[in-house]
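# Chain and residue survey
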Amino acid sequence: MLHENLTINEKGHLCIAGVDTVCLAEKYKTPLMVMDEERIRRNFRVYKNAMAKHFGQDSFPAFASKAFSCKYIYRIAKEEGVGIDIVSSGELYTALEAGFDVSKSFFHGNNKTDFDIEYGIENGVGHFVVDNMTELDSIDRIAGEKGIVQPVIIRLTPGIDPHTHAAITTGQVDSKFGIAIETGQATEAVKYTLSRKNIRLDGFHCHIGSQIFDIKPFCDAAKLMIEYISSLKRELGYEASILNLGGGFGVRYIEAQPELDYDEFIRLVSVYIDNEVKASGIKKPQIIMEPGRSIVADSCLTLYTVGGTKEISGFKNYASIDGGMPDNPRYALYQADYTICLASRMNDKADFECTIAGRCCESGDLLQEGVLIPKPQRGDILAVLVTGAYNYSMASNYNRIPRPAVLGIKDGKEFEVIRRETFADLVKNDI
Ligand SMILES: *Cc1c(COP(=O)(O)O)cnc(C)c1O
């Protein structure tokens with residue numbers, strides 16, 4: 001099937017990591033998310049080993065936790081010895097609650113509030129990834145008040161178009177993120193940062209976008225960043241010690257997409273870096289990457305119960321499920337691709353073409369269109385595959401629908417990692 005952790009058992013049921021999903025749906029109810037822990041750990045190790053091998057021993061991945069933020073994933077990240085990327089005080093709080101050592105963290109965001117900066121500094125965040133100079137002034141002032149020197153890196157926009165969906169493209173000059181190299185503003189920002197007393201500039205960051213299958217834009221970005229670092233050494237005598245290349249490697253959601261060889265991708269990027277380092281004579285910086293999607297996406301699937309079908313003569317068919325945009329807004333947001341199958345009848349003929357409709361009062365609440373599955377009956381279990389990234393972390397309570405439970409699976413046994421929300425949870429902040 002799409003990924004090697006997915007199989008079909010003798011009952012014709014879909015299994016993940018060897019566990020029957022229909023049994024899980026019966027026991028824990030739906031919607032239900034199921035995560036294969038070994039797969040998450042394997043993905044972390046692919047990055048960790050490839051980066052150490054190709055970039056150098058001091059190189060490591062920092063999990064972009066916006067893809068899936070909860071105590072469970074930070075505990076795994078801690079055990080796997082990787083860093084994290086966080087984008088809010090809430091993610092930082094969650095990591096701290098999980099016992100994560102946040103000296104190995106990068107605090108992102110295009111509008112960090114003074115509260116975020118204070119909270120980050122008080123809790124020993126490793127690096128702020130500075131997005132603009134007003135924010136830098138706040139970091140300088142607050143670090144001064146606390147009597148520390150805060151390490152930062154600056155987020156730059158290298159001006160690369162990675163050819164992915166516009167909503168997940170971030171490296172172009174006109175972006176809400178980062179400072180452009182092209183316009184000369186980056187160098188002004190570097191000079192200004194170096195003049196601040198309570199800040200230590202350790203290097204630079206770029207992130208060109210997400211769900212990218214082509215290696216070329218990553219190589220181009222890495223080359224550009226090294227060129228820029230060497231130009232700073234010539235012009236200002238400043239030598240960066242960290243280069244953070246962000247995330248963005250694509251994940252296979254549908255058969256038509258390839259399964260990328262991340263080790264090979266990292267090796268190719270390293271060739272560009274090494275060539276450029278050699279040509280310019282700078283010291284090779286420590287290389288960080290921030291994979292999010294490619295760590296968690298393919299570890300997970302979401303199970304739903306089908307409510308029924310609707311066949312509109314001369315138009316199309318719908319199959320309705322007991323979840324939708326509250327637990328997975330990605331199709332509504334950017335028509336994201338998904339593979340969908342009828343987990344309870346995997347061996348039946350998939351000859352019913354339909355649109356999968358969520359249960360919300362919103363016509364855009366769809367999970368996919370033109371799906372081929374066996375014609376479902378009320379009570380059949382439907383699975384949406386590859387839902388580990390940007391699903392639970394984007395979930396809402398729209399229509400007062402409780403967020404689903406998330407299960408982990410390890411050694412063939414399931415356990416709850418996030419409890420299903422209750423109706424009481426829905427009103428707990430209502431006064
Ligand atoms: C979203 C994001 C990532 C992760 O991107 P993926 O495509 O999930 O790997 C990494 N770094 C930054 C700054 C991001 O905004």
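Throughout, a residue's number is its position along its own chain's written sequence, starting from 1. At least 70 in pLDDT is required for a residue's local features to be given in this predicted model, at least 80 for side-chain atom pairs to be given and counted, and no such filter applies to totals for whole chains, interfaces and linings, which use all residues. In computing side-chain properties, one takes all heavy atoms of the structure into account and sets aside hydrogens as well as water.

## Description of the sheet that holds strand 1 (residues 6–8)
Selection rule: DSSP bridges decide pairing: two strands pair if at least two such bridges lie between them. Each helix is a run of DSSP H or I of at least 4 residues and each strand a run of E of at least 2, with the numbering of both proceeding from the N terminus.
One open sheet holds the 3 strands; their spatial order is 1-2-3, and the pairing between them is antiparallel. Strands with a single pairing partner mark the edges of an open sheet, and in this sheet they are strand 1 and strand 3 (19–20). With 2 bridges connecting them, strand 2 (residues 14–16) and strand 3 associate as antiparallel partners. Across the sheet, Ile16 pairs through a bridge with Val19, a residue of strand 3.

## Quick notes on the site of the ligand
Which entries qualify depends on this criterion: We call a residue near a molecule or strand whenever a single non-hydrogen atom of that residue lies within 4 Å of it. Two N or O atoms form a polar contact when they lie within 3.5 Å of each other; inside protein one atom must be a possible hydrogen donor and the other a possible acceptor, and for residues adjacent in sequence the pair counts only when both atoms belong to side chains. For every accessible area listed, the method is Shrake-Rupley and the probe measures 1.4 Å; residues are considered covered only by the protein chains on display. Gly is placed with the polar residues, together with every amino acid not listed as nonpolar (Ala, Val, Leu, Ile, Met, Phe, Trp, Tyr, Cys and Pro) or charged (Asp, Glu, Lys and Arg).
Around the ligand, 15 residues are found, and the nearest of them are Lys66, Ser210, Glu290, Arg293 and Tyr390. Take Glu290: an N or O atom from its side chain is 2.8 Å from a nitrogen atom of the ligand. The backbone of Gly292 places a nitrogen or oxygen atom 2.9 Å from an oxygen atom of the ligand. Relative to its free-state accessible area of 390 Å², the ligand is covered by the protein chains to the extent of 94%. Residue composition of the shell around the ligand, grouped by class: 3 nonpolar, 7 polar and 5 charged.

## A look at the domain arrangement of the chain
Note the threshold: Residue ranges assigned to the domains are those given by an automatic or database domain assignment. Note on definitions: a residue-residue contact is assigned when non-hydrogen atoms from the two residues lie within 4.5 Å. Accessible area, probed at 1.4 Å, shrinks when two parts are joined; the buried area is that loss added up over both. Criterion for a salt bridge: a side-chain nitrogen of Lys or Arg within 4 Å of a carboxyl oxygen of Asp or Glu.
We note that the domain assignment places domain 1 (6–36 + 297–427) and domain 2 (108–291) within the chain. Its C-alpha centre places domain 1 at a distance of 36 Å from the equivalent point of domain 2. The interface of domain 1 with domain 2 comprises 9 residues on the first partner and 10 residues on the second. Summing both sides of the interface, domain 1 and domain 2 together bury roughly 810 Å²; the carbon and sulfur share of this comes to 58%. Of all residues in domain 1, the largest losses of buried area upon contact with domain 2 belong to Tyr334, Asp337 and Val386, amounting jointly to 53% of the total for that side. At the junction of domain 1 and domain 2, the tally comes to 0 salt bridges.

## Thoughts on the pattern of salt bridges
Selection rule: For each residue, the accessible area found with a 1.4 Å probe, counting protein chains only, is set against the maximum for its type, and the residue is called buried under 20%, exposed over 50%, and partly exposed in between.
Per the stated rule, a full pass over the model turns up 30 salt bridges. Between Arg39 and Glu4 there is a salt bridge, with the nearest N and O atoms lying 3.8 Å from each other. Of the two residues, Arg39 sits in helix 2 (residues 37–54) while Glu4 sits in the segment before strand 1, which places them 35 residues apart along the sequence. Among the residues examined, Arg39 registers a relative accessible area of 4% and is labelled buried. According to the relative accessible area criterion, Glu4 is exposed, its value standing at 63%. Ionic pairing is found between Arg41 and Glu80, a salt bridge with its closest N-O pair at 2.8 Å. Separated by 39 residues along the polypeptide, Arg41 in helix 2 and Glu80 in helix 3 (residues 71–80) bring together distant segments of the chain. Just as Arg41 is buried, Glu80 falls in that class too. Put simply, Glu37, Arg41, Arg45, Glu79, Glu80 and Lys410 are held in one network by salt bridges that share partners.

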